[in-house]
Amino acid sequence: MGQRNVLIEGVSGTGKTTICDELLRRGYHAIHGDRDLRPDRARERDRVFHSDAERAAFVHAHARWDVTKVRDHLENRHPGLSFFCGGFRNHAELVGLFDAVFVLEVDLDTLMRRLEDRPEEEFGGKPAERALIKRLHATGEDMPKGAIPVDARKSIDQVADEIVRTCRKIGLLR
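Residues numbered from 1 in each chain as written. Predicted model: local features only at pLDDT ≥ 70, side-chain atom pairs only at ≥ 80, totals over all residues. Heavy atoms only, no water.

**Brief notes about the environment of alanine 63**
Inference 1: Assignment of secondary structure puts alanine 63 in the loop between helix H4 (52-61) and helix H5 (67-75).
Inference 2: For alanine 63, a relative accessible area of 8% puts it in the buried group.
Inference 3: Ignoring any residue separated from it by four or fewer positions in sequence, one finds alanine 63 in contact with Arg38, Gly87, Phe88 and Arg89. (Helix = DSSP H or I, 4+ residues; strand = E, 2+ residues; numbered from the N terminus. Buried < 20%, exposed > 50% of the residue type's maximum accessible area, 1.4 Å probe, protein only. Contact = heavy atoms within 4.5 Å.)

**Describing the state of the cysteines**
Inference 1: Per the counting criterion, the structure on display carries 0 disulfides.
Inference 2: Unpaired in this structure, cysteine 20 has its nearest cysteine sulfur neighbour in cysteine 85, at a distance of 3.7 Å.
Inference 3: Counting only cysteine sulfurs, cysteine 85 is the nearest neighbor of cysteine 167, a cysteine outside any disulfide, at a range of 10 Å. (Disulfide = S-S within 2.5 Å.)

**What to know about the sheet that holds strand S3 (residues 81-85)**
Inference 1: The sheet built from 5 strands is open, its strands ordered S2-S3-S1-S4-S5 with parallel pairing. Single-partner strands in this sheet number two, and they are strand S2 (29-32) and strand S5 (148-151). Within this sheet the neighbouring strands show an average axis-to-axis angle of 25 degrees, counted without direction.
Inference 2: The pairing of strand S1 (residues 4-9) with S3 spans 5 bridges and is parallel. Looking at the pairing, valine 6 lines up with phenylalanine 83 of S3. (Pairing = 2+ DSSP bridges. Axes fitted to C-alpha atoms, helices over the stretch in contact; angles between N-to-C directions.)

By themselves, these figures tell us nothing about what the structure is for.
As structure tokens, then:
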């Protein structure tokens with residue numbers, strides 16, 4: 001755990017993985033939540049789906065972070081600031097553990113362009129997954145409330161700069 005902990009969220013395709021990589025490159029402590037905090041995905045692999053839309057809905061609904069893993073990271077007491085980057089549905093259990101929450105936002109055209117470039121095996125790479133993401137983008141239904149919006153249409157350097165600058169402004173970084 002950092003002395004302070006920040007969550008970076010957003011719908012698929014807004015840049016959570018990319019911003020995590022950039023923060024790591026800059027020397028910050030950052031955790032790829034979608035890779036490191038998700039429980040084993042055996043339920044998804046072992047389940048039979050009747051359509052891509054059914055699979056997309058299941059995967060999205062079960063995109064949860066393992067509460068024990070998150071708490072383990074939080075108790076690790078990493079000095080400074082820790083960035084947790086990724087999307088998860090069990091916000092109610094975890095969002096209160098963070099000192100600040102950012103949501104990466106893009107317009108629909110940018111989002112669809114990014115998703116169309118994804119390989120099929122990555123979430124958002126199939127038409128049914130893109131349709132679900134498009135609906136979630138429109139409704140904002142599964143984003144944490146009260147988060148700090150970040151315009152993720154900018155270059156990755158500009159997005160990272162904005163997040164770091166805001167963290168300084170609100171007293172999370174010196």
